[in-house]
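Structure at a glance
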Amino acid sequence: MSEKDKSNAVAAWFLGPKGENAESLRQLLTEALEYHVQGRIDYFPGDPSVITPEVKATAAFQKQIQKQTTLVKLLSGDLTKSSVPFWNPRYNAHMLMDTSMPGILGYFTAMLFNANNVALEASPLTTAIEIEVGKQLAKMVGYNIMLHNPDPIGWGHITADGSIANLESMWAARNLKFYPLSLRLAMMNQLKFIADTFRVDTCTHESKFLKDFTTWELLNILPTDVLDIPTRLNKEYSITAQFLQDALNPYLIQTVGKERLEREFHVKPMAYFASATMHYSWPKGAGQSSITGIGSENVISVTVDNSARMDPNDLRRLLHECLNLKDAQGNPAPRAVYAVVAIVGSTEHGACDPLKDILDVRDEFRRKGLSFVLHADGAWGAYFATTIPEIIARLDIFVPTVPLNTKTLESIVRMRDCDSITVDPHKSGYIQYPAGGLLYRDERMRYLVTWTSPIVYRNDLQSIGVFGVEGSKPGAAPVATWFSHTILGLDTDGYGQLLGEALFSAVKMYAHLATMSTNKTNFIVRPLNMLPAEIKGNRRGEVEAQKELIRKKILHVPNHKLVTDREIWKLVVEMGSDLSINTFAVNFKLGDVVNEDVIEANYLNKRIYEKLSTIDDSGKKPPLFLISTVLSQKNYGECLFKFKDRLGLKGSQDLYTLVNAVMSPWPTAIGLTEEVAQSLQGTIVKECEVSVYRNTLTEDYHAFIMQGTDSKLFFVHLPMFNMENHRLQLIITGEIPIQMRFAYIGAREKNPDTVYLLVNDTPTTLEKILAAKEFEARIEPFNPRGQQPCVPPIVKGKITNIKVIVQKKLNSKFLTPYPTDKMPFYVYGSDAQKHIDHVYTASPNIQMTAEQVVIGRHLQNDWNANPVLYAQLPFVESSMHPFTTNFERETALEPFFFRSDMQYDHVLFTKDLAGKEVVATTSLRLQKKKNVFIDTDMLNADPEPGAMESVSYCGAHVHEVNYAEEYKPRGHKYMQMIDDFKAALQGIDSQ
């Protein structure tokens, strides 16, 4: 088949971005329905019809048909408007594309029969199909499926998704580990007659009587040797499967639970290792105590390299730690290991862990007496085995015919040496949900997730439901998978062709990402995966030269020409991620200066994601769809530090990144990749304007809450975390003209519940105000809703002799974690009047300010010598975040803890923020009719350029809050759609 024929074949496998194959699909679905209906007619054709023409003619019948018609139209219309266009090449978000036409046909055909693959009698044919699908998948990844082959026989089945498959593999690994312990207990009772003769090999291949094994040796028998035990007992002692099951049942972990066996054999919690890129389902599955009981804290991350692949040396280090552990007395107390999980195609960046190296580590530690199950999470990567010609895979010769690097090809091929594999037909298999899958290299492992012990292999048709976590499950999912496998083909001309074209599209998109930013752009784009020149550590000039080569010879060159250019093809194969996912991040520049703040870069990337992932209320969709992920500094270590360094960022914070997953075979074929990249660049440029605006210091208006009524007044700045002009927690005092004082005091007497603001009369910066120690100002009342237009100030004048009481920068590098034992407030004022303001240690936060507080008489302080103390209120601040919005707080049923007439006892007053230099322990009370100011909206607001009211309240940066008429829950428009459906149906009922 020529390359053109192969490409044309792909076009027949999908409905198409514009529904090009609608007529074919319509005919095929109709044919399936007609066969189904004929089957109903043919079953006892002499039985009378239930739904007669007379019944159909009734008003009640017609009304129900009308309701169904109405709901189909409404739902289809709204789904069309509100659903993401995953069938379109512009959809570059989740690992999701158009489902294959064969998959649709298979699912629809089987769905009509409501086959339940939990039990054979309910689904004989679809059960057989599921077993066949398991064989197809097992063969695809390199497992043996031939009965007379000396290798173990592979087996697989369909699960609801990859998370269920991961959970089942975890269950199997746990049960395998404890099986020898259960057998040992049974040998003290029903199986006592084999105790003196039954020998098993240890992990280091020493043959011993099983009764003489130490607990450590029992926990480290090789998986194959454990699975051989039932067969050996049958062969050597003629023990039947039923007798063995009855003998073991009282001692199996499935019966007595993990805790009893651990207690009986003094087993400490075992480890479960997985790459730091692991899917969230791994710790989640370990935390399912009723199923695995492993505990998520025992799922330990293995560090990754700069390409987000597991670091074998770190795995080796962790295994050494397990092997060399000692107890409190210094005696050897090694920790057993359930399993190691290698990721073959990570969800967030398509990385393939180096399986060959991991297998070498496994062999190394087996020689040292430590054995574990090796699982490959190939939910994303397993189907890419179809891109490798079978003869090449068998011989381990890696000649890339698609843009996969040698390391990736090697990992995909070596999946065949893993004990179990997760595979997701609903990802790179282009099948509908629910269609995940789990494969075992040795089919006997499936019995480890039943309530029975592993028994001798039988080649008859069996119910699927006993082998997994799920109960009832649709037969339609495996039928859809089987249809697609059978028609497309699990080879290089089928799925290999489809995924190969997707890989080309992903590499082309990577090329755009890697070369998008230049010295002249106001932004920086960096893919997580470095260019080959970067990996080699070449000088900057060589990296730029490679980028220029990509611009000239890859970006706009057809795929078939890339393959024929040896030099360029080598570069194409080496660059990009392991599979068709590109993780990248964006940073911005302030002029020629690159932003170094991770938090601000996170904000930019989040805005880009929101613009390219959200369908607005009108149904307008963005020009492309992306997803996002946060890379944890704890898990990604040096890999993330390196990534941030390439972006020009400094700091140990986690990084918010963007993900471009390419599954469509169409982009490079129709030249859409360039247009998608241009749409992305346009969004980046626009959103960078917001970041520049937020982080550029300009002259502005600044508002201060006025505190006190005696001879010394204090002014508390209204800060903003997200605006450079106002990133300062600032408390000052100063002198105001007598007429300003009288006007202010008079206004306070008339309006005791009003907060008054002191605002600079002309734009300036806080730095200039503090340097001059004076500024022209006005006093005006604060309106929490904002004032448009502004009311006239009550008075104007010059503030002089300014003194700083508190000055704390609020840029992210100056922030620390939330306090975990107290809630600190600045305390300042005079002997006559004292005030407090909440200390901002982290962002986001809440502003809480109160004047003229009453402090117990035990506090003694010279406020001239020590102008600031700290009041450590008895609340755990870290437990109170995130604080509610102004609207949520004002409409809450329970009053907020910080309010007038509240007294707090046992307040520590200290000289230091940490709370160690205690001055006094006494009470603090907020007085009635004294101003208490609380805000979260202004402090944490995200301003945008061009919206003056978003940064200006009568010249001060006060934002309007979300009041009831504006406040709507997330997804409200979709909930409203459901209400509209109900209303339409009720309208029909009322007719």
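Nothing here was measured: the structure is a model prediction, and the numbers come from that model.

Focus on the overall build of the protein chain
- Helix and strand counts for the protein chain come out as 32 helices and 27 strands.
- Projected onto the principal axes, the alpha-carbon positions of the protein chain cover approximately 105 × 80 × 75 Å.
- Counting over 991 residues, the protein chain shows a buried share of 55%.
- When contacts within the protein chain are restricted to residue pairs at least 6 apart in sequence, long-range pairs at least 24 apart make up 74% of them.
- Across the protein chain, the 103 positively charged side chains and the 113 negatively charged ones have centroids separated by 3 Å.

Here we look at the pattern of salt bridges
- Considering all chains together, one arrives at 39 salt bridges under this definition.
- Among the ionic pairs, Glu 23 bridges to Arg 26, the shortest N-O distance being 2.6 Å. Placement of both Glu 23 and Arg 26 in helix α2 (residues 22–42) is noted, with a separation of three residues, approximately one turn of the helix.
- The partly exposed category is assigned to Arg 26, whose relative accessible area is 48%.
- Here Lys 368 ties to Glu 364 by a salt bridge, and the two come within 3.4 Å at their closest N and O atoms.
- A relative accessible area of 17% places Glu 364 in the buried class.
- Because the salt bridges share partners, they merge into one network encompassing Glu 600, Arg 694, Glu 724, Arg 727 and Asp 942.

Thoughts on the packing of helix α6 (residues 124–140) against helix α18 (residues 476–488)
- Packing of α6 against α18 brings their axes to within 9 Å, and their N-to-C directions diverge by 50 degrees. It follows that α6 is oblique to α18 by the angle criterion. Both α6 and α18 take part in a crossing whose hand is left-handed. Residues Thr 126, Ile 129, Glu 130, Glu 132, Val 133, Gln 136 and Leu 137 of α6 touch α18, and the partners they reach there are Pro 478, Val 479, Thr 481, Trp 482, His 485 and Thr 486.

Some remarks on the side chain of Glu 687
- Inspection of the secondary structure puts Glu 687 in helix α27 (residues 672–695).
- Since its relative accessible area comes to 2%, Glu 687 is described here as buried.
- Excluding anything up to four places from it in sequence, Glu 687 contacts Leu 604, Arg 607, Ile 608 and Lys 611.

Quick look at the sheet that holds strand β16 (residues 713–717)
- Around the barrel, six strands lie side by side as β15-β16-β17-β20-β19-β18; this closed barrel has antiparallel pairing. Here the average twist between neighbouring strands, direction ignored, is 45 degrees.
- Sheet topology places strand β15 (residues 703–707) next to β16; four bridges connect them, and they run antiparallel. Looking at the pairing, Gln 707 lines up with Phe 714 of β16.
- Packing against the sheet, helix α28 (residues 738–750) makes contact with β15, β16, β18 (756–760), β19 (775–781) and β20 (795–809), and its axis sits at approximately 80 degrees to β20.

Describing the sheet that holds strand β9 (residues 436–440)
- The sheet built from seven strands is open, its strands ordered β1-β9-β8-β7-β6-β4-β5 with mixed pairing. Here the strands that pair on one side only, and so sit at the sheet edges, are β1 (155–159) and β5 (299–302). Averaged over all neighbouring strand pairs, the angle between strand axes comes to 20 degrees, with direction disregarded.
- Sheet topology places strand β8 (residues 420–423) next to β9; four bridges connect them, and they run antiparallel.

With respect to the state of the cysteines
- In this structure the tally under the stated criterion is zero disulfides.
- Just so you know, Cys 322 is unpaired, no disulfide at all, and the nearest cysteine sulfur is the one on Cys 203, 14 Å from it.
- By relative accessible area, which is 5% here, Cys 322 ends up buried.
- Among the cysteines around Cys 418, which has no disulfide bond, Cys 352 carries the closest sulfur, lying 12 Å off.
- When its relative accessible area of 0% is taken as the criterion, Cys 418 is described as buried.

Concerning the environment of Gly 500
- Structurally, Gly 500 is set in helix α19 (residues 495–515).
- C-alpha separation for the pair Gly 500 and Asp 654, spaced 154 residues apart in sequence, amounts to 33 Å.
- Contacts of Gly 500, omitting those with residues within four sequence positions, involve Thr 387, Val 402 and Tyr 495.

Brief notes about the packing of aromatic side chains
- For the structure shown, the criterion picks out 27 aromatic pairs.
- Note on Tyr 447 and Phe 467: the rings are 5.4 Å apart at their centroids and 90 degrees apart in plane angle, and the pair reads as edge-to-face. Here Tyr 447 is found in the loop between β9 and α18, whereas its partner Phe 467 is found in the loop between β9 and α18, with 20 residues between them in sequence.
- Classification of Tyr 447 by relative accessible area gives buried; the value is 2%.
- For the pair Phe 875 and Tyr 904, a centre-to-centre distance of 5.8 Å together with 85 degrees between the ring planes defines the contact as edge-to-face. A residue pair is termed long-range when its members are at least 10 positions apart, and Phe 875 in the loop between β24 (869–873) and α30 (886–890) and Tyr 904 in strand β25 (residues 903–910) qualify at 29 residues.
- In this structure Tyr 904 comes out as buried when scored by relative accessible area, which is 3%.

Let's talk about the environment of Gly 856
- Assignment of secondary structure puts Gly 856 in the loop between β23 (847–855) and β24.
- A C-alpha to C-alpha distance of 9.3 Å links Gly 856 and Ala 920, two positions 64 residues apart in sequence.
- Gly 856 has contacts with Thr 922 and Ser 923, leaving out every residue within four places of it along the chain.

What to know about helix α7 (residues 162–186)
- Relative to the 36 Å expected for 25 residues at 1.5 Å per residue, α7 spans 35 Å between its end C-alpha atoms, a close match to the ideal helical length.
- Phe 178 marks where α7 bends most, by close to 35 degrees; the proline Pro 180 follows one to four residues later.
- Of all the 25 residues making up α7, 25 are buried; the element is thus mostly covered by neighbouring parts of the structure.
- The N-cap residue of α7 is Asp 161: its side-chain oxygen and the backbone nitrogen of Ser 163 are 3.2 Å apart.

Considerations on a nonpolar patch on the surface
- Taken together, the side chains of Leu 33, Val 37 and Ile 41 define a hydrophobic patch exposed on the protein surface, amounting to about 230 Å² of accessible area.
- Within the fold, Leu 33 resides in helix α2.
- Relative accessible area serves as the criterion here: at 38%, Leu 33 is assigned to the partly exposed category.

Notes on the pairing of strand β14 (residues 655–661)
- Counting buried residues in β14 gives seven out of seven residues, a clear majority hidden from the surface.
- Burial along β14 is two-sided: Leu 655, Thr 657, Val 659 and Ala 661 and Tyr 656, Leu 658 and Asn 660, pointing in opposite directions, are all buried.
- In terms of strand pairing, strand β13 (residues 627–631) meets β14 through five bridges, oriented antiparallel. Opposite Val 630, over in β14, you have Tyr 656 as the bridge partner.

Examining the nonpolar core
- Membership of the largest hydrophobic core comes to 79 residues, with the highest contact counts inside it found for Phe 273, Leu 315, Leu 319, Ile 412, Met 415 and Tyr 430.
- Non-local contacts of Ile 412, meaning those with residues more than four positions away in its chain, are made with Val 344, Gly 381, Phe 384, Ala 385, Ile 388, Leu 404 and Leu 579.
- Ranked by size, the runner-up nonpolar core spans 59 residues in total, among them Leu 176, Phe 213, Ile 239 and Ile 464.

Scoring rules and cut-offs
Residues numbered from 1 in each chain as written. Predicted model: local features only at pLDDT ≥ 70, side-chain atom pairs only at ≥ 80, totals over all residues. Heavy atoms only, no water. Helix = DSSP H or I, 4+ residues; strand = E, 2+ residues; numbered from the N terminus. Buried < 20%, exposed > 50% of the residue type's maximum accessible area, 1.4 Å probe, protein only. Contact = heavy atoms within 4.5 Å. Lys, Arg positive; Asp, Glu negative; His and termini not counted. Charge placed at Lys NZ, Arg CZ, Asp CG, Glu CD. Salt bridge = Lys/Arg side-chain N within 4 Å of Asp/Glu carboxyl O. Axes fitted to C-alpha atoms, helices over the stretch in contact; angles between N-to-C directions. Parallel < 35°, antiparallel > 145°, perpendicular 65-115°, else oblique. Left-handed = near helix turned anticlockwise from the far one by under 90°. Pairing = 2+ DSSP bridges. Disulfide = S-S within 2.5 Å. Phe/Tyr/Trp six-rings, centres within 6.5 Å; stacked < 30°, edge-to-face > 60°. Expected span 1.5 Å × (residues − 1). Bend = angle between axes of the 7 residues up to and from the residue. Polar contact = N/O pair within 3.5 Å; in protein donor to acceptor, adjacent residues only side chain to side chain. Patch = residues over 30% accessible without salt bridge, like charges linked within 9 Å, V, L, I, M, F, W, Y side chains within 5 Å. Areas by Shrake-Rupley, 256 points an atom, 1.4 Å probe, with all protein chains shown as cover. Core = buried A, V, L, I, M, F, W, Y, C linked by side-chain atoms within 4.5 Å.

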